[in-house]
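Descriptive structure summary
Take a look at the letters that make up each chain.
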Amino acid sequence: MAASSSVKDTTKRLTSGSPMSLILGFSLPLLVGMLFQQFYSLVDTIIVGKFLGVNALAAVGSTGSVNFLINGFCMGVCTGFAIPVAQRFGAEDEKGQRRYVGNSIWLSAVFAVIMTVIVSVFCREILILMQTPADIIDDAYAYIFIIFVGIPVTYLYNLTSGIIRSLGDSKTPVYFLLMASALNIVLDILFITQFDSGVAGAAYATVISQLVSGIACLIFMAKKFPILRLERDDLRPRKPCMMTLCSMGVPMGLQYSITAIGSVILQAAVNGLGSAAVASMTAASRLSMFVVCPFDALGSTMATYGGQNVGARKLPRIKAGLKSATILGGVYSVFALLLLLVAGNLLLQLFLSANETAIMADARMFLIIQAVFYFPLALVNIVRFLIQGIGFPFLAILAGVMEMIARTLAAIFLVPAFGFLGSAFASPIAWIMADAFLIPAFFYVYKKLSRQMGTDFEN
């Protein structure tokens, strides 16, 4: 069935045209959206550090890995749920798209309720298990508990924005994030400086802002995409649809979480070094997460690109897209390293006072060591998401296992032996180990698809 003519201006097919131009054009709006999504976290950290002090900054930072463990699973699941929609869009199967969207709503609601109840109940026990320092654990709990209560909001935004992107529209979610980011700044300042709500205020601001962007995406999706206007039959639970969605979403969620398990273990090791080390790692990590957003954008782009092209049975374009994305990732890796070498200290002062000289020195060391290895990180995002997009999410789990093992070994051996310096090398080692698995895995699945579709691998 041909795509509805009324949506030609809002959807975008990545199945024809220059892969480089398409990937760049699709990822740039996505990048802006991710930058503003990171802006939530960045503004929280800046305001907390400047208005509430180093201990409050360390408290928020100490929750970063467990936050990624839980909310990363939510984001991974929603990204996976959008892949069958992208594949059906590439195959021009509108009925299939709607059924997958309808069933993804049911699954997201169930996942959100179960996860919210479990992690909220065991929130403090998790922080204790992570050896969160006694002088910051109360603030850490106040912050992360509210973030966990907002898990349904995380599902709402990531599912709706993922579906919109699966149809080739990477711009619209950005507009809503711009609006939400402005709201986040206002609420941060209001809660912390006027209502004296402490670190909890930063969490309230984040959840409310994401709720606004999620509702905006939902309204837009309902009004602007006729091919996704669901009827009662589309919302009927279907076992085949749910099985397919879970086979894509759960492995992607687990990949995020398994990767995060290593980060949680590493965070626990750094927590044992004291709140000053936690503050250094927090400032460097938050800045690094902002700088590496282009890699995240390339990764999400490749999931949609791979999904649409495998649905359209255009395998040679998948390999061409991988080459184009790798070039883009390499160029940006060099630029990011140079930026942090020149302006790293200045940027870190967004989070830390200049008179915190020891913390600043450790944060800069951590930041530069990671920046040297940004190209392996670019490959992790590009190849892993591409493999997921073309329908092999379980291989991404194995790559996540590699990262988890690397960070766990760093926490066990490098941190005790070298202190904070050892923690700085944990992620680079993890990225290299993941690439050692992912690159051969891509060529394996490409050959497998070539045989299945009767396509010459070399074309």
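Residues numbered from 1 in each chain as written. Predicted model: local features only at pLDDT ≥ 70, side-chain atom pairs only at ≥ 80, totals over all residues. Heavy atoms only, no water.

**Some words on the overall build of the protein chain**
On a plain count of helices and strands, the protein chain comes out with 18 helices and zero strands. For a compact globule of 459 residues, the expected C-alpha radius of gyration is about 23 Å, and the protein chain comes in at 21 Å, within 12% of that figure. Taken along the three principal axes of its C-alpha coordinates, the protein chain extends 65 × 45 × 35 Å. Sequence separation of at least 24 residues holds for 85% of the intrachain contacts in the protein chain that already meet a minimum separation of 6. By element, 69% of the accessible surface of the protein chain is carried by carbon and sulfur atoms, the whole surface being about 17,600 Å². Counting 30 positive and 22 negative side-chain charges, the protein chain places the centres of these two groups 13 Å from one another. (Helix = DSSP H or I, 4+ residues; strand = E, 2+ residues; numbered from the N terminus. Rg over C-alpha atoms; globule rule 2.2 N^0.38 Å. Contact = heavy atoms within 4.5 Å. Areas by Shrake-Rupley, 256 points an atom, 1.4 Å probe, with all protein chains shown as cover. Lys, Arg positive; Asp, Glu negative; His and termini not counted. Charge placed at Lys NZ, Arg CZ, Asp CG, Glu CD.)

**So, the pattern of salt bridges**
This structure, assessed with the given rule, holds six salt bridges. Of the charged contacts, one joins Asp-233 and Arg-99 as a salt bridge, the two residues approaching to 3.6 Å between their closest N and O atoms. Of this pair, Asp-233 sits in the loop between helix H9 (199-224) and helix H10 (239-271) while Arg-99 sits in helix H4 (residues 94-121), and the two are 134 residues apart along the sequence. Judged by its relative accessible area of 24%, Arg-99 is partly exposed. (Salt bridge = Lys/Arg side-chain N within 4 Å of Asp/Glu carboxyl O. Buried < 20%, exposed > 50% of the residue type's maximum accessible area, 1.4 Å probe, protein only.)

**Regarding helix H2 (residues 54-62)**
With seven of its nine residues buried, H2 lies for the most part within the structure. Listed in full, the buried residues belonging to H2 are Ala-56, Leu-57, Ala-58, Ala-59, Val-60, Gly-61 and Ser-62.

**Some details on the confidence of the model for the protein chain**
For the protein chain, per-residue confidence averages 86 on the pLDDT scale, and 94% of positions sit at 70 or higher. Mean pLDDT across the elements of the protein chain ranges from a minimum in helix H1 (residues 19-52), with 78, to a maximum in helix H13 (residues 315-348), with 95. Long-range and interchain partners of residues 1-9, a stretch whose pLDDT sits below 50, account for 14 contacts in this model, where long-range means more than four residues apart. Of the regions scoring below 50 in pLDDT, residues 455-459 engages in 10 contacts with residues more than four places distant in sequence or in other chains. (pLDDT = per-residue confidence, 0-100.)

**Some words on the packing of aromatic side chains**
Remark: the centre distance and the inter-plane angle together describe each pair of aromatic rings, the angle taken between the planes. Scanning all chains against the criterion turns up 12 aromatic pairs. Residues Phe-176 and Phe-220 carry aromatic rings whose centres are separated by 6.2 Å and whose planes lie at 65° to one another, so their mutual orientation is edge-to-face. In this pair, Phe-176 sits in helix H8 (residues 172-194) while Phe-220 sits in helix H9, placing the two residues 44 residues apart along the sequence. Summarising the aromatic geometry, the rings of Phe-366 and Phe-420 are spaced 5.7 Å apart at their centres and angled 40° between planes, so their arrangement reads as tilted. With a gap of 54 residues between them, Phe-366 in helix H14 (residues 357-372) and Phe-420 in helix H17 (residues 420-424) connect regions that are remote in the sequence. (Phe/Tyr/Trp six-rings, centres within 6.5 Å; stacked < 30°, edge-to-face > 60°.)

**Let's talk about the packing of H2 against helix H11 (residues 275-291)**
In the contact formed by H2 and H11, the axes pass within 8 Å of each other and the chain directions differ by 65°. Overall, the two elements H2 and H11 adopt an arrangement that is roughly perpendicular. Here H2 and H11 pass one another in a crossing that is left-handed. The segment H2 lies against H11, with Val-54, Asn-55, Leu-57, Ala-58, Val-60, Gly-61 and Ser-62 engaging Ser-275, Val-278, Ala-279, Thr-282 and Arg-286. (Axes fitted to C-alpha atoms, helices over the stretch in contact; angles between N-to-C directions. Parallel < 35°, antiparallel > 145°, perpendicular 65-115°, else oblique. Left-handed = near helix turned anticlockwise from the far one by under 90°.)

**Side note on unusual backbone geometry**
Of note, the phi angle at Asp-196 is positive, near 50°, even though the residue is not glycine. In this fold, Asp-196 is placed in the loop between H8 and H9.

**So, the side chain of Asn-309**
Inspection of the secondary structure puts Asn-309 in helix H12 (residues 293-311). In this structure, Asn-309 is in contact with Leu-14, Thr-15, Lys-314, Arg-317 and Ile-318, ignoring residues within four places of it in sequence.

**Considerations on the nonpolar core**
In terms of nonpolar packing, the biggest core is built from 132 residues, with Tyr-155, Tyr-374 and Ile-387 touching the most fellow members. Broken down by element, the residue count for this core peaks at 11 residues, all from helix H18 (residues 426-453). Look past the residues within four positions of Ile-387 in its chain and what remains in contact with it is Phe-392, Leu-395, Leu-438, Ala-441, Phe-442 and Val-445. With six residues, the next largest nonpolar core counts Ile-83, Met-252, Tyr-256 and Ala-303 among its residues. (Core = buried A, V, L, I, M, F, W, Y, C linked by side-chain atoms within 4.5 Å.)

**Here's the deal with the state of the cysteines**
The full count for this structure, using the stated rule, is zero disulfides. There is no disulfide at Cys-217, and the cysteine sulfur nearest it, in Cys-78, is 12 Å away. (Disulfide = S-S within 2.5 Å.)

**What about a nonpolar patch on the surface?**
A surface patch of nonpolar side chains, about 640 Å² in accessible area, is lined by Val-110, Val-113, Ile-114, Val-117, Ile-118, Val-121 and Phe-122. The residue Ile-118 is located in helix H4 in this model. (Patch = residues over 30% accessible without salt bridge, like charges linked within 9 Å, V, L, I, M, F, W, Y side chains within 5 Å.)

**A look at the environment of Tyr-374**
Locating Tyr-374 in the fold gives a position in helix H15 (residues 374-389). Note: C-alpha distance between Tyr-374 and Gly-214 (160 residues apart in sequence) is 31 Å. Every residue in contact with Tyr-374, bar those within four places of it in the chain, is listed here: Ser-288, Val-291, Val-292, Phe-295, Ser-333, Ala-336, Leu-340 and Trp-431. Within the local environment of Tyr-374, its side chain forms a polar contact with the side chain of Ser-288, the two groups lying 2.8 Å apart. (Polar contact = N/O pair within 3.5 Å; in protein donor to acceptor, adjacent residues only side chain to side chain.)

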